[in-house]
Amino acid sequence: VQLQASGGGLVQRGESLRLSCEVTGKIHGTWTVGWHRQAPGKQRQYVAHITSFGTPGYVASVRGRFIISRDNAGNTVYLQMSNLQPEDTAVYYCAYGRIGAAPDRWGQGTQVTVSS
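Treat the numbers as computed from the prediction; the structure is a model and nothing was measured. (Residues numbered from 1 in each chain as written. Predicted model: local features only at pLDDT ≥ 70, side-chain atom pairs only at ≥ 80, totals over all residues. Heavy atoms only, no water.)

Visitor: Can you walk me through the sheet that holds strand β1 (residues 2-6) in this structure?
Guide: Within a beta sheet, neighbouring strands are joined by backbone hydrogen bonds and run either parallel or antiparallel to one another. Strand order across the open sheet formed by four strands is β1-β3-β8-β7, with antiparallel pairing between neighbours. The sheet is open, and its two edges are formed by β1 and β7 (66-70), each paired on a single side. Each strand axis lies, on average, 15 degrees off the axis of its neighbour in the sheet, ignoring direction. (Pairing = 2+ DSSP bridges. Helix = DSSP H or I, 4+ residues; strand = E, 2+ residues; numbered from the N terminus. Axes fitted to C-alpha atoms, helices over the stretch in contact; angles between N-to-C directions.)

Below, the structure written as structure tokens:
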């Protein structure tokens, strides 16, 4: 399984961005694709995930602003980010894993920068 993240950029406070994570390769059973982010000088942080059943989850700081979704084939997972704030600035990574397990495949990051 390989993941390719895209969609990052530079936006102003209050604007929106949509990140995409294309998942390729052989996917078995039940799975989770999630988004994580790492700001400069900070540890990587979980942001959101969606399961093969379509069940989403979010960290509290983005709930109500970010929406995670997937296409019908499950090959691409999206993260629609609205009302972006400077504290959302980070490199965003998508990751794949089995439900209930830690991610074991990571994509390259995509930079999101929110200016004030």
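Picking up after the structure, the text goes on.
Visitor: Sorry if this is basic, but what is going on with the pattern of salt bridges here?
Guide: It is possible for side chains of opposite charge to pair when their charged atoms get near one another. Within this structure, the stated rule accounts for two salt bridges. Residue R37 pairs with D88 through a salt bridge whose shortest N-O separation is 2.9 Å. Residue R37 is found in strand β4 (residues 31-38), and its partner D88 is found in the loop between β8 (76-81) and β9 (90-98); the two are separated by 51 residues along the sequence. With respect to burial, R37 and D88 carry one shared label: buried. Here D88 makes a salt bridge to R65, at a shortest N to O gap of 2.8 Å. Of this pair, D88 sits in the loop between β8 and β9 while R65 sits in the loop between β6 (56-58) and β7; the two residues are 23 residues apart in sequence, bridging distant segments of the chain. In this structure, D88 and R65 share a single accessibility class: buried. Salt bridges sharing common partners tie together R37, R65 and D88. (Salt bridge = Lys/Arg side-chain N within 4 Å of Asp/Glu carboxyl O. Buried < 20%, exposed > 50% of the residue type's maximum accessible area, 1.4 Å probe, protein only.)

Visitor: Looking at this model, I keep getting lost on the environment of A39. Mind explaining?
Guide: Topologically, A39 is positioned in the loop between β4 and β5 (45-51). We classify A39 as buried; its relative accessible area is 19%. For A39, the contacting residues outside a window of four places in its chain are T89 and A90. (Contact = heavy atoms within 4.5 Å.)

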